[in-house]
Amino acid sequence: MGFLDALLGRSKPVRPDLDQLFALPSAVVTLQAAAGFTPTGLGSVCFASVEGGAFSRIQEEAQALLDGPVEFTQDTYGYTWLLVRHPPEDVAGLVNDLHAVNTSLEEAGFGPQLLCSLVGFRDDRQRSLALVYLYKRGTFYPFAPKPGGGEKRDNPLELQVRAMLGDDLTIEQDLARWFPVWGAPGL
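Values in this document were obtained by computation on a predicted structure and should not be read as measured data. (Residues numbered from 1 in each chain as written. Predicted model: local features only at pLDDT ≥ 70, side-chain atom pairs only at ≥ 80, totals over all residues. Heavy atoms only, no water.)

**Student:** Even after reading the chapter, I still don't get empty space enclosed by the protein, so can you show me in this structure?
**Tutor:** Summary: where empty space remains is shown by rolling a probe the size of a single water molecule over the atoms. The full count for this structure, using the stated rule, is one cavity of 30 Å³ or more. If you add up the space inside the largest cavity, you get close to 70 Å³. Ile 58, Glu 61, Ala 62, Leu 65, Val 101, Ser 104, Leu 105, Ala 108 and Phe 110 are the residues that line the largest cavity. Among the secondary structure elements, those contributing two or more residues to the lining of the largest cavity are helix H3 (52-65) and helix H4 (91-110). By residue number, the principal contributor to the lining of the largest cavity is H4, which donates five residues. Classifying every residue of the lining of the largest cavity gives seven nonpolar, one polar and one charged. (1 Å grid on protein atoms, 1.4 Å probe; cavity = no way out; pocket = protein on both sides within 12 Å on 5 of 7 lines; lining within 4 Å. Points joined across faces, edges and corners; volume = space filled by probe spheres on them. Helix = DSSP H or I, 4+ residues; strand = E, 2+ residues; numbered from the N terminus. Nonpolar A, V, L, I, M, F, W, Y, C, P; charged D, E, K, R; others polar.)

Okay, here's the thing in structure tokens:
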């Protein structure tokens, strides 16, 4: 960062630290004990669409890299989602797979296209929750859509989860960056 950047209040972007994903298993324990949310066994990685042969290569590498089946979908915004499935009790395996996919995409030169990763949860009232890792910020935030469809968020639950997990995860402080991931695979 140069003198002019410091003077104008610009900061150097945070370098993604994919190893922060490994903090998720301890956060899961806290989330289960404090709020009754259990993992669904689903997790996903979101990245900007890649065209042609590069996309085919990513699909093949992901299938070879991971033990279980991998599903690719595109959302209404044109982002590609890679869905990974594990037994709900195997959070460590799910996190390892998400980390491997992110690392593989980054090493293949697709780091700038990575957007986020998420792990899904449900409670006994069938409320959904996702812990979302923002790749470019190196932080997490909770996303809780309200039950019953529609695009409404359970903001009180999100803030409650933020307070619960502050010691387990690096939580994104800027609430404006807690963007909704409506219809994300794994949620």
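So that's the structure; there's more coming.
**Student:** So what exactly am I meant to see when it comes to unusual backbone geometry here?
**Tutor:** Glycine aside, the phi torsion of most residues is negative, and most peptide linkages are trans. The backbone of Gln 126 shows a phi angle near 65°, a positive value even though the residue is not glycine. Looking at Gln 126, the relative accessible area reads 53%, which means it is exposed. (Buried < 20%, exposed > 50% of the residue type's maximum accessible area, 1.4 Å probe, protein only.)

**Student:** Just to check I follow, could you spell out the environment of Arg 177 for this structure?
**Tutor:** Mapped onto the elements of the fold, Arg 177 is located in the segment after helix H5 (155-165). Taking the relative accessible area as the measure of exposure, Arg 177 reaches 37% and is therefore partly exposed. Sequence separation between Arg 177 and Arg 137 is 40 residues; the distance between their C-alpha atoms is 9.3 Å. Apart from residues lying up to four places away in sequence, Arg 177 is in contact with Leu 134, Arg 137, Tyr 141 and Glu 172. (Contact = heavy atoms within 4.5 Å.)

**Student:** Got a minute to help me understand helix H2 (residues 24-35) in this structure?
**Tutor:** Every α-helix winds through 3.6 residues per turn, so residues three or four apart in the chain are directed the same way. For H2, built from 12 residues, the straight-helix expectation of 16 Å at 1.5 Å per residue is met to within 8% by its first-to-last C-alpha distance of 15 Å. Of the positions making up H2, those classed as buried are Leu 24, Ala 27, Val 28 and Leu 31. The buried residues of H2 occupy an angular sector of 105° when the element is viewed end-on, so they sit on one face. Away from the buried face of H2 by more than 90 degrees, exposed residues Val 29 and Ala 33 are located. Structurally, H2 contributes buried residues whose contacts are with strand S1 (38-48), H4, strand S4 (114-122), strand S5 (128-134), strand S6 (139-143) and H5. Count one or two residues on from H2 and you reach Gly 36, which has phi positive near 75°. (Expected span 1.5 Å × (residues − 1). Arc of directions from axis to C-beta.)

**Student:** Even after reading the chapter, I still don't get the layout of surface pockets, so can you show me in this structure?
**Tutor:** Its volume calculated, the largest pocket comes out at about 160 Å³. Considering the residues around the largest pocket, the lining is formed by Cys 46, Asp 75, Tyr 77, Tyr 79, Trp 81, Leu 115, Phe 179, Pro 180, Val 181 and Trp 182.

**Student:** Looking at this structure, I do not really get the environment of Val 91. What am I missing?
**Tutor:** Along the chain, Val 91 turns up in helix H4. For Val 91, a relative accessible area of 10% gives the class buried. Expressed as a C-alpha distance, the spacing of Val 91 and Gly 43, which sit 48 residues apart in the sequence, is 9.4 Å. Ignoring anything within four residues of it in the chain, the contact list for Val 91 reads Pro 25, Val 28 and Pro 39.

**Student:** Before we go on, may I ask you to explain the packing of aromatic side chains in this structure?
**Tutor:** One pair of aromatic rings is described through two measures. These are the centre distance and the angle between the planes. Applying the stated criterion across every chain yields a total of four aromatic pairs. Pairing Tyr 133 with Phe 140 gives two aromatic rings, centres 5.1 Å apart and planes at 55°, and the pair type is tilted. On the accessibility criterion, Tyr 133 (1% relative accessible area) is buried. Here the aromatic rings of Tyr 141 and Trp 178 are separated by 5.9 Å at their centres, their planes lie at 20°, and the arrangement is stacked. Separated by 37 residues along the polypeptide, Tyr 141 in strand S6 and Trp 178 in the segment after H5 bring together distant segments of the chain. Under the relative-accessibility criterion, Trp 178 is labelled buried at 4%. Members of the aromatic cluster, each reached through a chain of ring pairs, are Tyr 141, Trp 178 and Phe 179. (Phe/Tyr/Trp six-rings, centres within 6.5 Å; stacked < 30°, edge-to-face > 60°.)

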